[in-house]
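Summary of structural features
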Amino acid sequence: MIQTERALQQVLEWGRSLTGFADEHAVEAVRGGQYILQRIHPSLRDTSARTGRDPQDETLIVAFYRELALLFWLDDCNDLGLIAPEQLAAVEQALRQGEPCALPGFEGCAVLRASLAALAFDRRDYAQLLDDTRCYCAALRAGHAQAAGAERWSYAEYLHNGIDSIAYANVFCCLSLLWGLDMATLRARPAFRQVLRLISAIGRLQNDLHGRDKDRWAGEADNAAILLLQRYPAMPVVEFLNDELAGYTRMLHRVIAEERFPAPWGPLIEAMAAIRAQYYQTSASRYRSDSAGGGQRAPA
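Read on for an overview of the structure. Bear in mind that the values here come from a model prediction, so they are computed numbers and not experimental data. The residue numbers shown here count from 1 along each chain, following its written sequence. Confidence filtering applies because this is a predicted model: local features only for residues at pLDDT of at least 70, side-chain atom pairs given and counted only at 80 or more, and all residues used for totals across whole chains, interfaces and linings. Side-chain metrics in this entry use all non-hydrogen atoms of the structure; hydrogen atoms and water are not considered.

Things to note about helix H1 (residues 4-15)
Since the α-helix packs 3.6 residues into each turn, any two residues three or four apart lie on the same face. The cut-off we apply is this: Only DSSP runs of H or I covering at least 4 residues are called helices, and only runs of E covering at least 2 are called strands; the numbering of each starts at the N terminus. Working rule for helices: expected span equals 1.5 Å times residues minus one. Think of it in three bands: with a 1.4 Å probe and only protein chains considered, a residue is buried below 20% of the maximum accessible area for its type, exposed above 50%, and partly exposed in between. Contacts were defined at the residue level, with two residues in contact if any of their heavy atoms lie within 4.5 Å.
With 12 residues, H1 extends 16 Å from end C-alpha to end C-alpha; this agrees with the ideal 16 Å at 1.5 Å per step. Taken residue by residue, H1 has Ala7, Leu8, Gln10, Val11, Leu12, Trp14 and Gly15 as its buried positions. For H1, the secondary structure elements touched by its buried residues are helix H2 (23-51), helix H3 (58-79) and helix H5 (107-119).

Here it is in structure tokens:
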């Protein structure tokens, strides 16, 4: 696999064309991307005979890391106001359509979308990636607006929106696009769509539990634990959410065991379910939960 420093420099070089892009977005994208690719590397190697896509292909790997960095950047553009609202609206429009941004300062958006369009093993994955990006941006906007508004969501409404704002669909679709994982065909199976919802719910709750102290410190209300405490101050929130996580995880494992999805989907889903322990806890900045992490915030 491409060396970490070399990959990081390529993501940073691309990101410099995006207003508000920070080193953290590239660093965490490379770390998270490496974690995922390392976990599924044996399965990707097995599928390469069918697809001709090398798991070690530097072009594919860097494109994946850049997509992850884009998601981190978009998250912070919404939550931290890195760019003006009219700029964000133009960026989202460009990413949904796969077209150049109408405003200067965001050339990297078109560069990345053009590269993914050219690299797509299955054009259906590229079309789906645009749609998944639309859902991700809409969920970020909705969560941010709700947290700032007077009317609070129910837990069910929050989790429904949070499943899209965790962006796992983008991650999976990008992997499928680059390495020919046939996600477009699998999406026709109800059980696969159920798996996507379950793993995204797990990811949402893991993220919120891990980031609850930082979110509370930063005054961020778009977090399941904080929302529940606001509604029910005496509720044992952590215990409840961990129980929810355990239930979603059991349901996920049952579906995977019954359906036996083709490689590398089993290892990939397992990797994402384990990300709380394997990635969040060791993150150098964005996901730090100890005092050395300062005011860093886990993303939506």
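There is more to say after this.
Comments concerning the environment of Tyr155
Note the following rule: Throughout this description, a polar contact denotes any pair of N or O atoms lying within 3.5 Å of each other; where both atoms belong to protein, one of them has to be capable of donating a hydrogen while the other can accept it, and for residues adjacent in sequence the pair is counted only when both atoms sit in side chains.
Tracing the chain through its elements places Tyr155 in helix H7 (residues 155-165). Judged by relative accessible area, Tyr155 falls into the buried class, the value being 15%. A sequence separation of 149 residues divides Tyr155 from Arg6, and the C-alpha atoms of the two residues are 43 Å apart. When sequence neighbours within four positions are dropped, the list of residues in contact with Tyr155 reads Leu205, Ala224, Leu227, Leu228, Phe240, Leu241 and Glu244. A distance of 2.8 Å separates polar atoms of two side chains, one belonging to Tyr155 and the other to Glu244.

What about the pattern of salt bridges?
To keep it simple, the criterion reads: A pairing counts as a salt bridge when a side-chain nitrogen of Lys or Arg comes within 4 Å of a carboxyl oxygen of Asp or Glu.
Applying the stated criterion to the full structure yields 11 salt bridges. The salt bridge partner of Glu259 is Arg189, with a shortest N-O separation of 2.9 Å. One end of the pair, Glu259, is in helix H12 (residues 237-259); the other, Arg189, is in the loop between helix H9 (183-186) and helix H10 (190-217), and 70 residues separate them in sequence. Across the pair Asp213 and Arg216 runs a salt bridge, and its minimum N-O distance is 2.7 Å. Residue Asp213 and its partner Arg216 are located together in helix H10, separated by 3 residues, close to a single helical turn. What makes Asp213 partly exposed here is its relative accessible area of 41%. Through salt bridges that share partners, Asp122, Arg124 and Asp182 make up one connected network.

Topic: H3
Over its 22 residues, H3 runs 32 Å from end to end, which matches the ideal 32 Å to within 8%, given 1.5 Å per residue. Judged by how many residues are buried, H3 sits mostly within the fold: 19 of 22 residues are covered. For H3, the capping residue at the N-terminal end is Asp57, with a side-chain oxygen 2.9 Å from the backbone nitrogen of Thr59. Looking one or two residues past H3, Gly81 carries a phi angle of roughly 65°, positive in sign.

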